[in-house]
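One letter stands for each residue in the lines below.
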Amino acid sequence: MDEHIIQDDDEDREALASLSSVPPPQRKIHSYSQQLRATSAHKRYHQVRKHSLDDIPKPPDNYCNNGDSSDDDFFPYSSSSNNARSAEEYIISHSQRLDQNLSLEGCPEDPCHCHPLPEFIGATGGTNIFKVPKRATVHPARPPCLELRPHPLRETQVGKFLRNIACTDTQLWAGQECGIRFWRFQDAYEPGLGAKVRRGDEDAAPFQESANTPPTMCLLVDSGNRLVWSGHKDGKIRSWKMDHPAADTSPFKEGLSWQAHRGPVLSIIMSYYGDLWSGGEGGAIKIWPWESIEKSLSLRPEEKHMAALLAERSFIDLRSQVTVNGNCNISSSDIKCLVSDNVRAKVWCAQPLSFSLWDARTKELLKVFNIDGQTENRVDVPSAQDQPTVEDEMKVKFVSTSKKEKSGGFLQRSRNAIMGAADAVRRVASRGAGAFAEDNKRTEALVLAADGMIWSGCTNGLLVQWDGNGSRLQDVIHHPCAVQCFCAFGTRIYVSYVSGMVQVMDLEGNLIAGWMAHIGSVIKLAAGNGYIFSLATHGGLRGWNISSPGPIDSLLRSDLAEKESIYSRQDNVRILVGTWNVGQGRASQESLMSWLGSVASDVGIVVVGLQEVEMGAGFLAMSAAKETVGLEGSSIGHWWLDTIGKALDENTIFERMGSRQLAGLLVSLWVRKNLRMHVGDTDAGAVPCGFGRAIGNKGGVGLRIRVFDRLICFVNCHLAAHLEAVNRRNADFDHIYRNMVFTRSSNLLSNAAAGASAAVQTLRVPNAAGVNTEETKLDLAEADMVVFFGDFNYRLFGISYDEARDFVSQRCFDWLREKDQLRAEMKAGKVFQGMREALIRFPPTYKFERHRQGLAGYDSGEKKRIPAWCDRVIYRDNRSGTMSECSLECPIVSSILMYEACMDVTESDHKPVRCKFHCTIAHVDRSVRRQAFGEIIRSNKKVRSLLDELRYVPETVVSTNNIVLQNQDTSILRITNKSDKDKAIFKIICEGQSTVKDDEEVADYHPRGSFGLPRWLEVTPAAGIIKADQFVDVSVHHEEFHTLEDLVDGIPQNWWCEDTRDKEVILKVIVQGSCSIETRSHQIHVRHCFSAKTVRIDSKSNNCRKGQGGSVQQLSSSSDTTDDPRNLHKP
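Residues numbered from 1 in each chain as written. Predicted model: local features only at pLDDT ≥ 70, side-chain atom pairs only at ≥ 80, totals over all residues. Heavy atoms only, no water.

Further remarks concern the overall build of the chain. Broken down by element type, the chain carries 21 helices and 58 strands. Here the chain, with 1131 residues, has 59% of them falling under the buried criterion. Contacts in the chain between residues at least 24 apart in sequence constitute 70% of all its contacts with a sequence separation of at least 6. Split by element, the accessible area of the chain, about 44,700 Å² in all, is 49% carbon and sulfur. (Helix = DSSP H or I, 4+ residues; strand = E, 2+ residues; numbered from the N terminus. Buried < 20%, exposed > 50% of the residue type's maximum accessible area, 1.4 Å probe, protein only. Contact = heavy atoms within 4.5 Å. Areas by Shrake-Rupley, 256 points an atom, 1.4 Å probe, with all protein chains shown as cover.)

Under the defined criterion, the tally for this structure stands at 34 aromatic pairs. Relative to phenylalanine 252, the ring of phenylalanine 182 lies with its centre 5.5 Å away and its plane at 45°, an arrangement referred to as tilted. One end of the pair, phenylalanine 182, is in strand β6 (residues 179–184); the other, phenylalanine 252, is in the loop between β10 (236–241) and β11 (257–259), with 70 residues separating them in the sequence. On the basis of relative accessibility, which here comes to 1%, the residue phenylalanine 182 falls in the buried class. The interplanar angle of 75° and the centroid separation of 5.0 Å between the aromatic rings of tyrosine 875 and phenylalanine 917 together place this pair among those described as edge-to-face. Of this pair, tyrosine 875 sits in strand β42 (residues 871–876) while phenylalanine 917 sits in strand β44 (residues 913–924), and the two are 42 residues apart along the sequence. Summarising the burial analysis for this pair, tyrosine 875 and phenylalanine 917 share the class buried. Through a chain of ring-to-ring contacts, three or more aromatic side chains come together here, namely Phe130, Phe733, Tyr737, Phe788, Phe792 and Phe832. Directly above the ring of phenylalanine 207 sits arginine 181, whose terminal nitrogen or CZ lies 4.0 Å from the centroid. Just above the ring of tryptophan 639 sits the side chain of arginine 586; from NZ or CZ to the centre is 4.9 Å. (Phe/Tyr/Trp six-rings, centres within 6.5 Å; stacked < 30°, edge-to-face > 60°. Lys NZ or Arg CZ within 6 Å of the ring centre and 35° of its normal.)

Okay, the environment of glycine 194 next. Position of glycine 194 relative to the elements: it lies in the loop between β6 and β7 (208–209). Once the C-alpha coordinates of glycine 194 and alanine 205 are considered, the two residues, eleven residues apart in sequence, prove to be 9.9 Å apart.

Here the focus is helix α4 (residues 290–298). Of the positions making up α4, those classed as buried are Trp290, Ser292, Ile293 and Ser296. The buried residues of α4 occupy one face: seen down the axis, they fall within an arc of 160°. (Arc of directions from axis to C-beta.)

Quick look at the packing of helix α10 (residues 551–562) against helix α21 (residues 941–949) now. The contact between α10 and α21 brings their axes to 10 Å, and the two run at 155°. The orientation of α10 with respect to α21, classified from their angle, is roughly antiparallel. With respect to the hand of their crossing, α10 and α21 are arranged in left-handed fashion. For the pair α10 and α21, the contacting residues are Pro551, Ile552, Leu555 and Leu556 in the first and Lys942, Val943, Leu946 and Leu947 in the second. Per-class residue counts for the contact of α10 with α21 are seven nonpolar, no polar and one charged. (Axes fitted to C-alpha atoms, helices over the stretch in contact; angles between N-to-C directions. Parallel < 35°, antiparallel > 145°, perpendicular 65-115°, else oblique. Left-handed = near helix turned anticlockwise from the far one by under 90°. Nonpolar A, V, L, I, M, F, W, Y, C, P; charged D, E, K, R; others polar.)

Shown next, in the form of structure tokens:
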């Protein structure tokens, strides 16, 4: 433990014994006012008692170290218990006991303010939710990761948040709110570009960025044409070339683009036939035929406008095709996601509460069904206009309350108004319960697994498995938070959640592993280069090895831990915390300067908490109503913020980061401008503890910030009043601690930084079986440092008013501390468990008569309230019973340099209190650690050996590499897995199509979108799994298909016609193992020989069916396996 903590229990007992043996001072009979008049006697008395700190040894100057931290080092609480010390234990320099009478004198310039003050530590801090969160150099509860882009501060990402990712063979692309960017995998371990890039990207791996565009909503990789397609908020679809020269650092520009939807493009996919499908608002689904896109792409750059017009007018509107007499068979809610089922050539469209299933070839609607799997003929959307709004409900309630007969006196009317507001809140909540239950089942994500099954994820954490025909097979819950996205790789399915959890399932839905991947929602996953990349809502981007969790993790973890000295950094920050119950008054500028401005010259962060800024039944009722609709603040609250800002020289020296108001409670935070680049991610929370736990006359408001990548929480509290309400105060603290949830607040600056994260749902359901308890950790329990301050209302017990005033006049604060309720409750482990408070050196701060100077101002009215230390500052950092030195394992070590009351401020019945912290913070240089990670990957032989094992691909053979089809012929292609130990995962793509000329010469092959099939060819199944020593038969079928010459705005302009030329395609069978980072392939040439006459038919006959005649060829002749080395994908 720290050198300032008493090490020996015997010394503790001796100190306590010496304390108990000293009799209390003899209390004088005359009154306190008489003592004040007898100044000379008073001075002589003090000379005898020597109540001073002048002769007390001072702690050494080298008490603190430097340090810092990050969400990278979060993991479940330590299993080792933090032995609870007696509340009599103090942090004392040289093991000297300072339990003496303390003087009032002292100012910021005094030498004593440069040294840590002795501290009192509450009991039972090592149990339950009050454990100090354990940290480590490398997170032991999750796999080591490649940090491609470290967590940027939210405030640096305004208008630039990353929102989606997609992987090509050699690159990772990301869509952001101002364009597109991509990383090359070959540069993944390179150091960051530092000041050459904008804030937030200094430590990210080198990347290239596009010119500015409207926000990117979705991405699609088209490997066949070396393009990346993006859908944008302005309704446009844009194409981007994959092949950009690395030397060209200028922003790259879009290729083909066109206006696809009136609103944002919410999802885009390429069907198995190469057509581009897009989904938008209002249930709009459009198809952009590949023929039109191909023609637009072939035009020259100077014909860009013509190319856009050609693509824009070629769409097929599926919604209009299934609308009859104004009734549409699909829902009018927004499209959530589209998925191409390449196994069966279908397209799934997911909307929040329903699905629609389409034939990718014929564009027919096959089925509409709800989230329970029940088939629907029509989806009716209820009108929201029939539902009264929350504001209407509140208005009616308040009007009815205000018009009640005014009887029973002021207190009764106040109680009626407040309880009426609380009742309105409950009515609104109960009325919305039904809608919440339905929202709990909303579909958030969809994925096609390797075995051809479809998985959907819901807002309640439910994972549903569907077969290819839309039949519901099973559902599971592994985590009680909203699902955000899926990613399928090999025989694994990765699921991400709003909590930051990433889980790995097998194809049957069994949970393999899970870990907290980010602090914040994981909004997208993508597979590439041997990693599963996860994108968090804050913009952090990490890569997880596809074999994790596995043996490679322990190797990487141990090697990274050994290199700690290379990437570990430390920094010092001073924090000033002030608390004041202003009693509905207002302070002068002189008072604020005395309280805050005079001691802020050496601090980097200032946090101010006020209580009773504004009270009264009407205000409390209105505040409760505003909270229900997400509003907060008041004119008086803003006055306080502006006035405090003037005292701190806001905009010149300090910058306001945010504030939060709950009724009369107000907390605000300022940061010195030269520290601003290291502080951000400001979140706010509020917990009412008043009537029915719904009214904010009592409660807590908090702010959470990230400082050098470590989380610090500040909570301003106003707990239950009255001497006898000790248990209620303890319960209020426990309620605040357990229920404080930090989110974006309307009063936080840079509101736009919330980005799309406002839409992230944090729904939770009762704990499911097998769910890791880590996911239910409390926000305050997760923080590296927590500071509670405010009017805690704990009083002095077992002492009379006159006795208390006599002790104060004699400055016998040691005896008064023995009568302090808060100290007794902390000693018993009933409140502020395991937290610390500096030894009190100042007089009780309550209750004073306003505008009366000095200690004579204590309440002398009829009630004669006993003076008490109501206003306090209590904290905890990362120190535990076994760790006190600042390091990555104990990232924040704090000490208190100042803890005092401003007795000269008289505007309230409370005195303001201030506390100055010196914090040493340990953190990681992310860029350096990424380099160290890459060096381990490249040089560690054991790691390389494990990675080489991932290159294994089962041996497979195909029955033929040449197929000839006549009209409506079917051939069977057999793929055999020769391996006896591993499954083979295959997929069949079309590398390109060519027309056979009259001289039997084959023209160049042209791929369709995403290597899609031509419309005359059907391959079933086109993907799947072959068990060890097994085979699968794939049907290769020719189907009549008539191409449409032209579409304009979705309307056919010409007759249908059929191409009578012979055609040839190259099918490629791509094979990988169950967890392979490489693939092998076989090429099959398929030729269609035309033998019929040209047919002219009406466009309505474009509903071809299989099985209209034709022959089936069983190709039994085996051919050699052809492995194309060009398709070996290396990590």
